Amino acid sequence: MTHPFLDLAPLSAARFASIEDRVARLLHTGQDVLIMQGEALLPLEGAIRAAAGPGTTALNVITGPYGQTFGNWLRDCGAEVIDLAVPFHTAVTAEQIRAALAERPEIDFVSLVHAEAATGNTNPVAQIGPVVREHGALFYLDAVASVGAEPVLVDAWGVDLCVIGAQKAMGGPAGVSAVSVSERAWARMAANPRAPRRSYLSLLDWKERWIDGGRTALPHAPAQLEMLALEACLERIEAQGLDAVMARHARAAAATRAGALALGGGLEPYVHDAADAAPVATTLRAPAGTDAAELVARALESDPALPVSAGGGALAKEMIRVNHYGPDATPATVRGALVALGQALAERGLTVDVAAALGAADAAGR
């Protein structure tokens, strides 16, 4: 008995390389692109451990939980880390980056998350990139959540290490991820004696065994199904047009924010300025006297499939997150989330106007 997911011919090196080339086009880059055989945490950690070590002075921007994780990895590598933390309801500015670099001229590595799906903010990389490049530091960017929802222009922004995953705005698989690597970044890794080698984390192993060999022989068996799913995901984005996919996410974000404001009941956007809000997820501050996790649980009773969740960790009591990315970046998802949250708030005795919320969402999402 044959099965569409089984009994497949092995994935050839040529096909693997062609998928990498499609990712490179998505990122608007001529840099080397590696598709890593694991979730995005693999290249996120691997790139830091390859490029940072004793003697590295890193500016680590914290606008959410992933920025905190990157700081931990950098310190574990032996780097000196200067954390630039801003409130999670806002975004970092290019001026803040410039001031931090001026205060510590020895900074040679900058780590930043483009869009923080966990906190609902997005950072202005188009303005930050030239500041980092002028300073001469290596620029590491987590674009896992942003790619497919907003522009990611690796070469134009001067990004040296850009990591993406397909499981959010791209609407693809979580089991594979990718990283673009500049020549400057390769040189930094080659000069780092503590860069992982003979390790699943090693980018240098991939360069030596895959890129330097002309991408003719894979270093190990690829994750076949995930690679095919990534290929299909890229084909779908190309067929729809990247601009159309990004516009769909922007409309979903605008509709969710407008609908939440019109809903009432004390619900309000967690990210204060709409310009700082990420197109992949809208975070909302639960009304005073309520528990966000409890409200979410009530909302999901009507439809457990809704992409609505409470914030993580310490934010679980105050933050509600509507994840409108990938296949959920649709008016139906936004309307369903608003209705369910309205019902949950009404059950708590709060005054809401679901009709007004839906009308505002429809108007904003056109």
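Structure shown above.
To keep things clear, this report deals only with the structure shown in the data block. Keep in mind it's a predicted model, so treat the numbers as computed, not measured.

**Details of the side chain of aspartate 160**
Within the secondary structure layout, aspartate 160 lies in the loop between helix H6 (154-157) and strand E8 (161-165). Accessibility expressed as a relative area gives 0% for aspartate 160, which makes it buried. Separated by 3.4 Å, the side chains of aspartate 160 and arginine 133 make a polar contact. In contact with aspartate 160, other than residues within four places in its own chain, are Gln31, Arg133, Ala137, Leu138, Phe139, Ser180, Val181, Ser182, Arg184 and Ala185.

**Considering the pattern of salt bridges**
Within this structure, the stated rule accounts for 22 salt bridges. The residue arginine 98 makes a salt bridge to glutamate 134 at a minimum N-O spacing of 3.4 Å. One end of the pair, arginine 98, is in helix H4 (residues 94-103); the other, glutamate 134, is in helix H5 (residues 125-135), with 36 residues separating them in the sequence. On the basis of relative accessibility, which here comes to 61%, the residue glutamate 134 falls in the exposed class. A salt bridge links arginine 197 to glutamate 208, with the nearest nitrogen and oxygen atoms 3.1 Å apart. Highlighted residues: arginine 197 in the loop between helix H7 (183-190) and helix H8 (203-211) and glutamate 208 in helix H8, separated in sequence by eleven residues. Look at arginine 197 and you get partly exposed, because its relative accessible area is 31%. Bridged by salt links that share partners, the residues Glu294, Arg298, Glu347 and Arg348 form one connected network.

**Some details on the pairing of E8**
Buried residues dominate E8, accounting for five of its five residues. Covered by surrounding structure in E8 are Leu161, Val163 and Gly165 together with Cys162 and Ile164, the residues of both alternating faces. Pairing geometry for strand E7 (residues 138-142) and E8, over three bridges, is parallel. Bridged to aspartate 142 within E8 is valine 163. With five bridges joining them, E8 and strand E9 (residues 177-181) adopt antiparallel strand pairing. Bridging from a neighbouring strand, isoleucine 164 pairs with alanine 178 of E9.

**Looking at the side chain of serine 180**
Tracing the sequence through the fold places serine 180 in strand E9. Setting aside its immediate chain neighbours within four residues, serine 180 contacts Leu27, Thr29, Gln31, Asp32, Val33, Val154, Asp160, Leu161 and Cys162.

**A word on the sheet that holds strand E12 (residues 308-310)**
Strand order in this open sheet of four strands is E10-E11-E13-E12, and the pairing throughout is antiparallel. Each end of this open sheet is capped by a strand with a single partner; those strands are strand E10 (268-269) and E12. With five bridges joining them, strand E11 (residues 281-285) and strand E13 (residues 319-323) adopt antiparallel strand pairing. Residue pairing in the sheet places arginine 285 in a bridge with methionine 319 of E13. Each of E10, E11 and E13 touches helix H10 (residues 242-263); the most contacted strand, E11, lies at about 15 degrees to it. Where helix H11 (residues 292-302) meets the sheet, its contacts fall on E12 and E13, and the angle it forms with E12 comes to roughly 155 degrees.

About the criteria used
- Residues numbered from 1 in each chain as written.
- Predicted model: local features only at pLDDT ≥ 70, side-chain atom pairs only at ≥ 80, totals over all residues.
- Heavy atoms only, no water.
- Helix = DSSP H or I, 4+ residues; strand = E, 2+ residues; numbered from the N terminus.
- Buried < 20%, exposed > 50% of the residue type's maximum accessible area, 1.4 Å probe, protein only.
- Polar contact = N/O pair within 3.5 Å; in protein donor to acceptor, adjacent residues only side chain to side chain.
- Contact = heavy atoms within 4.5 Å.
- Salt bridge = Lys/Arg side-chain N within 4 Å of Asp/Glu carboxyl O.
- Pairing = 2+ DSSP bridges.
- Axes fitted to C-alpha atoms, helices over the stretch in contact; angles between N-to-C directions.

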